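# Per-entry structural report
As a plain string of letters, each chain reads:
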Amino acid sequence: MVSCIGCLVFLTALGVRNWDFVQERSRYTKLKMIGCSLLTDKSEKETPFESPFILDWWIWSSETKFQCSVPRSLWLGCSNLVESMCALRCLQSMPSVRCLQNTSVMEDQNEDESPKKNTLWQISNGTSSVIVSRKRPSEGNYEKEKDLCIKYFDQWSESDQVEFVEHLISRMCHYQHGHINSYLKPMLQRDFITALPEQGLDHIAENILSYLDARSLCAAELVCKEWQRVISEGMLWKKLIERMVRTDPLWKGLSERRGWDQYLFKNRPTDGPPNSFYRSLYPKIIQDIETIESNWRCGRHNLQRIQCRSENSKGVYCLQYDDEKIISGLRDNSIKIWDKTSLECLKILTGHTGSVLCLQYDERVIVTGSSDSTVRVWDVNTGEVLNTLIHHNEAVLHLRFSNGLMVTCSKDRSIAVWDMASPTDITLRRVLVGHRAAVNVVDFDDKYIVSASGDRTIKVWSTSTCEFVRTLNGHKRGIACLQYRDRLVVSGSSDNTIRLWDIECGACLRVLEGHEELVRCIRFDNKRIVSGAYDGKIKVWDLQAALDPRAPASTLCLRTLVEHSGRVFRLQFDEFQIISSSHDDTILIWDFLNVPPSAQNETRSPSRTYTYISR
């Protein structure tokens, strides 16, 4: 009882009827401390939260000139809602305060004619709300004072105006800040695409919109006529297509094969068709890409066949191609160059005394390795032998060269690293020894040299120092092929499996099973792995799914292509085709772009393709 009387005296001293919710916050803190101390008194038999309650608290302030919406905990200076409810529960339990609440409401009802603004605050346990009764003064003082303020405001400099508004806003409450924000938001919005050309800055508007993708560019065209004009005059659809051609090999290859690359990268707009041409071209390109992807998934293709007609012994051990030609190494010791369009043999290079087991070429030279233990360098244009390297003791099984460095491997279990200053100036840098069986394949980049052997291991060496780094173990039989790029190594083995490795940590990421015999050749890009085996089959795998440990094994093989009648020795592929060679003395071109309409409508089996066009 004494505590309640003390609390009432304290409330009367604070002036409950004239609370100011901003300036009297220190008083609320004291009030909260008293209320919480009353509720936490051990002598109290009833706990404040023994039963749910709803507390309605009405406070009237005749001096408050603005509306304020803040949390209840802030009104009472409490750190959280529980403390504020304790304080309010204590106040509500006091009879004198209840009378004060009722009196406040009655006085508010009787002062409707007062020129002052009245604010009613309602607080409840579950929700809080503000009930505002705002009355404009009837006399004209406000309008006169407002006009006078505006008059002074207009006479100030911009910096003074900003400083004054900042001070003014700092004196307002959160509720008023919200109204100001709603008022300013539309004023701050600018149609810069329309405004920039008005200032003679069309190129800036075009540059901004040039970063949009196709979907966003379509939406931008529908904003207004001015946006559509900027897109059209800026040739933004042309720029979008050019950007895709520069960054995506699929787009670049498609532009060359479809012929629309002739309309791109023109310096003067008058050199090409209007924007509408590119606007209609873009969906056609997308349709082409979707068709290609569908053909890969469904196995629809146009098949072309090259009969190599070897004289003594049949078999095409290796090949490489570009848009104009295919160069192949044959079991009959020769190298044949084929026209990729007519499929006619353009040239035959002879000189090796054994089967040509591996080759690689660039714009200057062809480098070949043979079972005669030599490496030969040929002029790619004339076919003349420029150099012969004699180092290995047995057959040269594989080789790679790039940026002045060449790596060869042999049946003699060694790996040779060569410096290529020129086609005629090739010197041996280092011999890498470590494998216990024939080294069947090598690959490298600026960081690592990777080799695979019949000893069931993959070894990693430093490219710069030629020092051994690590061994990748996992295959159960000898390894016949691999490809290495970035951190990924993909290998094929005579255990009939394909393995994916992380070269940095040596972990095996996935094992692909499906071939029935030795996996002889393998290649991959960003989307697919393509493998060929001694079972005569070529399999297309989903690389991204293979790298996902959650993907079921049954979903990894997209398609199996069966046309070779013998072992598949070598293959390469790009976004549009696979070119493979076999023991059956043929080279097959699997074209997924130029598929006949009849084949497009065919329903394919999941394991075999049937389209065949003999050339």
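Computed from a prediction, not measured in an experiment: that's the story for all the values here.

## Notes on the overall build of the chain
Each helix and strand counted, the chain has 17 helices and 31 strands in total. Residues classed as buried in the chain amount to 47% of the 615 residues present. Summarising the internal contacts of the chain: among those between residues at least 6 apart in sequence, 51% fall at separations of at least 24. If you sum the accessible surface of the chain, you get close to 31800 Å²; carbon and sulfur atoms cover 51% of it.

## A look at the UniProt feature "domain: F-box" (unreviewed entry) in the chain
UniProt feature "domain: F-box" (unreviewed entry): in the numbering of this structure it lies at residues 202-240. Annotated as residues 202-240, this span is 77% helix and 0% strand, and its ends, taken at the C-alpha atoms, are 18 Å apart.

## Thoughts on helix 13 (residues 236-247)
Between its first and last C-alpha, helix 13 extends 17 Å over 12 residues, near the 16 Å set by a 1.5 Å rise per residue. Turning to helix 13, its buried residues are L236, W237, K238, L240, I241, E242 and V245. Its buried side turned inward, helix 13 meets helix 10 (202-209), helix 11 (214-221), helix 12 (225-233), helix 14 (249-258) and helix 15 (275-298).

## Some remarks on the sheet that holds strand 28 (residues 557-562)
Two pairing modes exist for strands in a sheet, parallel and antiparallel, and in both the strands are linked by backbone hydrogen bonds. If you trace the 4 strands from one edge of the open sheet to the other, you get 25-26-27-28, paired in antiparallel fashion. Each edge of the open sheet is held by one strand with a lone partner, namely strand 25 (519-524) and strand 28. Across this sheet, the average inter-strand angle for adjacent strands is 15 degrees, counted without regard to direction. Sheet analysis places strand 26 (residues 528-533) next to strand 27 (residues 537-542), joined by 5 bridges and oriented antiparallel. Paired with S531 across the bridge in strand 27 is K539. Sheet contacts for helix 15: strand 26, strand 27 and strand 28; angle to strand 28, the most-contacted strand, approximately 70 degrees.

## A word on the packing of aromatic side chains
Following the criterion strictly, the structure yields 12 aromatic pairs and no others. Each ring, one from W156 and one from F164, has its centre 5.1 Å from the other, and the planes form 65 degrees; the classification is edge-to-face. Judged by its relative accessible area of 34%, W156 is partly exposed. Look at F164 and you get partly exposed, because its relative accessible area is 36%. Chaining the aromatic ring pairs together yields one cluster made of F153, W156 and F164.

## As for the side chain of H301
Tracing the backbone shows H301 in the loop between helix 15 and strand 4 (302-307). Within polar-contact distance, the side chain of H301 engages the backbone oxygen of G299 at 2.8 Å.

## Overview of the nonpolar core
Grouped together as the largest cluster of nonpolar side chains are 43 residues, with contacts concentrated most on I241, W260 and I578. Broken down by element, this core gets its largest block of residues, 7 residues, from helix 15. Excluding residues within four positions of it along the chain, W260 makes contact with I241, V245, W251, L254, S255, L281 and I285. Membership of the second largest hydrophobic core comes to 16 residues, among which are V490, V519, L543 and A551.

## Remarks on the pairing of strand 8 (residues 345-349)
In the sheet, strand 7 (residues 335-339) pairs with strand 8 via 4 bridges, with the strands oriented antiparallel. Residue pairing in the sheet places I337 in a bridge with K347 of strand 8. Connecting the antiparallel pair strand 7 and strand 8 is a turn made up of 5 residues, with L343 showing a positive phi of about 65 degrees.

## Some remarks on the environment of A533
Relative to the helices and strands, A533 is located in strand 26. Considered as a pair, A533 and G492 are 41 residues apart in the sequence and their alpha carbons are 8.9 Å apart. With residues near it in sequence (within four places) discarded, A533 still touches H515, E517, L518, V519, R520, R567 and V568.

## Digging into the sheet that holds strand 14 (residues 405-410)
Here 4 strands make up an open sheet; going across it, the order is 13-14-15-16 and the pairing antiparallel. Of all strands in the sheet, those bounded by a partner on one side alone are strand 13 (396-402) and strand 16 (425-433). Going from strand to strand, the sheet's axes swing by 20 degrees on average, the running direction of each strand aside. Examined bridge by bridge, strand 13 and strand 14 share 6 bridges and lie antiparallel to one another. Note that in strand 14 the partner of F401 across the bridge is M406.

## Some words on the packing of helix 13 against helix 14
In the contact formed by helix 13 and helix 14, the axes pass within 5 Å of each other and the chain directions differ by 110 degrees. Considering their axes alone, helix 13 and helix 14 lie roughly perpendicular with respect to each other. The handedness of the crossing between helix 13 and helix 14 is left-handed. Residues I241, M244, V245 and T247 of helix 13 lie in contact with helix 14, whose contacting residues are P249, W251, K252 and S255. Its residues assigned to classes, the contact of helix 13 with helix 14 shows 5 nonpolar, 2 polar and 1 charged.

## Focus on the environment of P197
Looking at where P197 falls in the secondary structure, it is placed in helix 9 (residues 192-198). Judged by relative accessible area, which is 14%, P197 ranks as buried. If sequence neighbours within four positions are ignored, P197 has contacts with F192, D202, A205, E226, R229 and V230.

## With respect to the pairing of strand 31 (residues 586-591)
Burial of strand 31 is extensive: 6 of the 6 residues sit out of reach of the surface. Here strand 31 shows two buried faces, one formed by T586, L588 and W590 and the other by I587, I589 and D591. The pairing of strand 4 with strand 31 spans 6 bridges and is antiparallel. Opposite L303, over in strand 31, you have W590 as the bridge partner. When strand 30 (residues 577-582) meets strand 31, the two strands line up antiparallel, connected through 5 bridges. Residue I578 lies in a different strand from strand 31, and its bridge partner there is W590.

## Describing the pattern of salt bridges
Enumeration over the complete set of coordinates arrives at 20 salt bridges. Note that R257 and D574 form a salt bridge whose closest N and O atoms lie 3.9 Å from each other. Here the residue R257 occupies a position in helix 14, and D574 occupies one in the loop between strand 29 (568-573) and strand 30, the gap between them amounting to 317 residues. Given the relative accessible area of 30%, R257 is considered partly exposed. Assessed through its relative accessible area of 17%, D574 is described here as buried. Among the ionic pairs, R550 bridges to D548, the shortest N-O distance being 3.2 Å.

The rules behind the values
- Residues numbered from 1 in each chain as written.
- Predicted model: local features only at pLDDT ≥ 70, side-chain atom pairs only at ≥ 80, totals over all residues.
- Heavy atoms only, no water.
- Helix = DSSP H or I, 4+ residues; strand = E, 2+ residues; numbered from the N terminus.
- Buried < 20%, exposed > 50% of the residue type's maximum accessible area, 1.4 Å probe, protein only.
- Contact = heavy atoms within 4.5 Å.
- Areas by Shrake-Rupley, 256 points an atom, 1.4 Å probe, with all protein chains shown as cover.
- UniProt positions renumbered as here; feature names shortened; annotations may be inferred.
- Expected span 1.5 Å × (residues − 1).
- Pairing = 2+ DSSP bridges.
- Axes fitted to C-alpha atoms, helices over the stretch in contact; angles between N-to-C directions.
- Phe/Tyr/Trp six-rings, centres within 6.5 Å; stacked < 30°, edge-to-face > 60°.
- Polar contact = N/O pair within 3.5 Å; in protein donor to acceptor, adjacent residues only side chain to side chain.
- Core = buried A, V, L, I, M, F, W, Y, C linked by side-chain atoms within 4.5 Å.
- Parallel < 35°, antiparallel > 145°, perpendicular 65-115°, else oblique.
- Left-handed = near helix turned anticlockwise from the far one by under 90°.
- Nonpolar A, V, L, I, M, F, W, Y, C, P; charged D, E, K, R; others polar.
- Salt bridge = Lys/Arg side-chain N within 4 Å of Asp/Glu carboxyl O.

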